[in-house]
Amino acid sequence: MNDEDYEVIPTSPIRRLEKRLEKMEDTTSSSQVQKLMEQVIELIKSNQRIIDDVVKANTELRDELTKIPGKIDKLVDTMGEFMELLKAASEEEAGAGPEAFKPVVDRLSELVEQNKKSFEANQTMLTSLDTIDKRLKRLYLGFSSMYGARRQQ
């Protein structure tokens, strides 16, 4: 006959669960969409801040670059004046002739003479030290031989 089993279940708890599940699905997706929208808006704001900073830096850079040609012109003018001063000074030095360098040459000659005297004094000192060294070695050998002879007796 009928081998199928039937069961009677109350539908009200199932209906409540279905409604609750629908609520959860509706609220969850809308909160996620809301969070996503907030993140997108924050990203747009940060991008705009970056763009503003880049525009500001670009403007400042342009201002500084416009100042450079004037500064280069000043530098070129100053270098030209410096070169003119050098030329004038070199012409004055050349016009003075050897008389202008005579005190320097005299002083250098004195220094050369002093160096020669110092060299000669150093050579004399080295010779004296060498003589003293030889005498000390002879004395040392004499004492060591005398001391060695006494020890053997």
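These numbers were taken from a predicted model, which means no experiment stands behind them.

Enquirer: Looking at this structure, how should I read the overall build of the protein?
Expert: Along its length, the protein carries 2 helices and 0 strands. By element, 60% of the accessible surface of the protein is carried by carbon and sulfur atoms, the whole surface being about 15,200 Å².

Enquirer: What is the right way to look at a negative patch on the surface in this model?
Expert: Judged by side-chain charge, D73, D77, E81 and E84 come together as a negatively charged surface patch. Looking at the secondary structure, you find D77 in helix 1 (residues 12–96).

Enquirer: Sorry, what's going on with the pattern of salt bridges here?
Expert: Between side chains of opposite charge, a pair can form when the charged atoms approach closely. Counted under the stated rule, the structure contains 6 salt bridges. Ionic pairing is found between R15 and E18, a salt bridge with its closest N-O pair at 3.7 Å. With R15 and E18 both in helix 1 and 3 residues apart, this pair spans about one turn of that helix. Overall, E18 belongs to the partly exposed group, its relative accessible area being 39%. K67 is the salt-bridge partner of E64, the closest N and O atoms lying 3.5 Å from each other.

Enquirer: Teacher, can you tell me more about a nonpolar patch on the surface here?
Expert: A cluster of nonpolar side chains, contributed by M125, L126, L129, I132, L136 and L139, occupies part of the molecular surface with about 610 Å² of accessible area. Looking at where I132 falls in the secondary structure, it is placed in helix 2 (residues 102–152).

Calculation notes
- Residues numbered from 1 in each chain as written.
- Predicted model: local features only at pLDDT ≥ 70, side-chain atom pairs only at ≥ 80, totals over all residues.
- Heavy atoms only, no water.
- Helix = DSSP H or I, 4+ residues; strand = E, 2+ residues; numbered from the N terminus.
- Areas by Shrake-Rupley, 256 points an atom, 1.4 Å probe, with all protein chains shown as cover.
- Patch = residues over 30% accessible without salt bridge, like charges linked within 9 Å, V, L, I, M, F, W, Y side chains within 5 Å.
- Salt bridge = Lys/Arg side-chain N within 4 Å of Asp/Glu carboxyl O.
- Lys, Arg positive; Asp, Glu negative; His and termini not counted.
- Charge placed at Lys NZ, Arg CZ, Asp CG, Glu CD.
- Buried < 20%, exposed > 50% of the residue type's maximum accessible area, 1.4 Å probe, protein only.

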